[in-house]
Amino acid sequence: MDRQYEVIVAGFGGQGVMSMGQLLAYAGMLEGLQVTWMPSYGPEQRGGTANCTVILSPRTIGSPVVEHPAALVAMNRPSLDKFEDRVAKGGLLVVNSTLAGRSVGRQDVRVLDIPATTIAGEIGNERVANMVALGALLESAPLVRADSVVESLRKALPPHRHNLIPLNQEALRRGMDLARNGPPLKAH
Amino acid sequence: MEELVLMKGNEAVGEAAIRAGCRFFFGYPITPQNEIPEYMSHRLPAVGGVFVQAESEVAAINMVYGAAAAGVRVMTSSSSPGISLKQEGISYLAGSELPALVVNIMRGGPGLGTIQPAQSDYFQAVKGGGHGDYRLLVYAPSTVQEMVDLTGLAMDRADHYRNPVLILGDGLLGQMMEPVHLPPLSRPEDLPEKPWATSGRRGGPRRVINSLYLQAEACEEHNRRLQAKYREMEAVEQRWDSDWAEDAEVLVVAYGTVARICRTALQDLRRRGLAAGMFRPITLWPFPVPALEQLLKRGRIRAVLVVEMSAGQMVEDVRSVVCGRVPVAFYGRTGGVVPSPEEIGERVRAVFGGGTDNAGCL
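Computed from a prediction, not measured in an experiment: that's the story for all the values here.

A tally of regular secondary structure across chain A gives seven helices and six strands. Secondary structure of chain A in N-to-C order comes out as β-α-β-β-β-α-β-α-β-α-α-α-α. Taken over the C-alpha trace, chain A has a radius of gyration of 15 Å; the compact-globule value for 188 residues is 16 Å, and the two agree within 12%. With the C-alpha coordinates aligned to their principal axes, the bounding extent of chain A is approximately 45 × 40 × 40 Å. In chain A, which comprises 188 residues, the share counted as buried stands at 51%. For chain A, contacts bridging at least 24 residues in sequence account for 58% of all contacts bridging at least 6.

This is how it looks when you write it as structure tokens:
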């Protein structure tokens, strides 16, 4: 990584957007990068939207607040509606197409439509949709290695939850495969 | 050096306090600092410490008074409205010369305000807050690592001066996660003894801790002693940081979270060839007057811009240092709104263009 990279991860409360952002930050730290993870902490309620901003950088990070992130992971429709316009020109949008209910309107960004929730259901648990989306993000942007994310899971999860790691690994792999092989990146 | 850990600012303050030998926490919940008591509630019992969720902020600060008088390292934390409730106790701590750590993770006010980050308790922190002529050492961290480092320092300085010390953070700093190096765990029994503490007479002389001096002359004498201590703090404890200040024509002054947002804005302006720099007070009291003075004396600075998440509080201290030599502009956001690097950059450019208006609350 030779420059700062910012990602906003957004979705419903319960979709694991906060933990996905934390894993990304943790993995960045393990790779020796500077990282910040900043949550939204408004008066949220169950079923409402949640989001966090993750910054990875080879250098000291200034503002943890980002107006125009290089990437957005939108896990549902309200998140796409809220953040689509803020993504930097030429940036990346990873959209959970299972729940987005619409395609991206902008022509000046890369878009990756990933049916994350559907795929997570197929492999056994819809709750790993966040890892499917993270896999797609990692395949398409030069952030951290997938094995650093798995290492982070090992460190962040309590030992009695380590039985969940294979499922998370599988979700990550499926997301990477999808980003690599199709559906193809829409060339706007 | 110990392993890096990824921590929220709030948790980092708690862990750093424990590692500095603090084993007593008394508090009452309020957003956005709840991770501090939450963390202390499970971590303190694990190291033989005491965590009490008091019935109110007033009760909590008076429990702090009691523990501090008994000679142990003790802390409390809250956010703006809760810190207001603690002001009477803080004044008593200062008057009785008791060391304690108070952490304010600021949110927007006045009143109940909002739970989003703000810096509008600057006046309360550095100009008094409670009654009487007292001062707190006030530290303003701007990274999670600084939360750790300044918490350890605060514990230390509090004991050294027998004075309460305040860490002034904000909701953003409390909630965000960054990697930190933690210092080793110190054991309370290894800390220097406090010969003044009311920890049991055991046949020794009677010790009294109190802030009451009914005779005017005696009370004035007490005030003289306190003031001498504050002068010593002013001489010894000032801390600050600066970026690109050496050749700056426009100097931005900001602290805490806002300083790092300014840093991003300034990086961008530097790339565009604008000679803008930053001065960041780390101690808000004592305010680093001579350091700022020195930058101004070099004569390169044409204007100063103060940026705060308030309607303009620290700007008063900056104006009193600048003393009319160059224009001082102000930019503030209030009520929990965090300014973006872009809007700060625009303000700095406006100051370069000769604009020195006070674009206060937008």
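With that settled, consider helix H5 (residues 87–95) of chain B. Residue and element names in this part refer to chain B. Extensive coverage of H5 is indicated by the burial of seven of its nine residues. When we look at burial in H5, the residues that qualify are Gly 89, Ile 90, Ser 91, Tyr 92, Leu 93, Ala 94 and Gly 95. Taken together, the buried residues of H5 touch helix H3 (57–69), strand S5 (100–106) and strand S7 (164–170). Trailing H5 by a residue or two, Glu 97 shows a phi angle of about 55 degrees, which is positive.

Take the interface of chain B and chain A next. Each partner contributes to the interface: chain B provides 19 residues, whereas chain A provides 16 residues. The dominant element in the side of chain B that touches chain A, judged by the number of residues it contributes, is helix H10 (residues 256–271) of chain B, at five residues. Of the residues assigned to the side of chain B that touches chain A, the class counts are 11 nonpolar, four polar and four charged.

Attention now goes to the domain arrangement of chain B. Residues and elements named next belong to chain B. Annotation of chain B at the domain level lists domain 1 (4–195 + 210–236) and domain 2 (242–359). Just the C-alpha atoms count here: the centres of domain 1 and domain 2 sit 28 Å apart. Between domain 1 and domain 2, the contact holds 28 residues from the first and 22 residues from the second. Counting residues per element, the side of domain 1 that touches domain 2 draws most heavily on helix H6 (residues 122–127), at four residues. Grouping the amino acids of the side of domain 1 that touches domain 2 by side-chain chemistry returns 16 nonpolar, eight polar and four charged.

Below, the discussion takes up the pairing of strand S10 (residues 250–253) of chain B. Each regular strand carries side chains that alternate between the two faces of the sheet. All names here are of chain B. Burial along S10 is two-sided: the face carrying Val 250 and Val 252 and the face carrying Leu 251 and Val 253 are both buried. Two elements, S10 and strand S11 (residues 276–281), share four bridges in a ladder whose sense is parallel. Bridging across to S11, Val 252 finds its partner in Met 278. Each parallel crossover has a hand, and for S10 linked through H10 to S11 it is right-handed.

Basis of the calculations
Residues numbered from 1 in each chain as written. Chains lettered and ligands numbered in written order. Predicted model: local features only at pLDDT ≥ 70, side-chain atom pairs only at ≥ 80, totals over all residues. Helix = DSSP H or I, 4+ residues; strand = E, 2+ residues; numbered from the N terminus. Rg over C-alpha atoms; globule rule 2.2 N^0.38 Å. Buried ≥ 20, exposed ≤ 12 C-beta atoms within 10 Å, placed from the backbone. Contact = placed C-beta atoms within 7 Å. Nonpolar A, V, L, I, M, F, W, Y, C, P; charged D, E, K, R; others polar. Domains from an automatic or database assignment. Pairing = 2+ DSSP bridges. Right-handed = clockwise from strand over helix to strand, strands pointing away.

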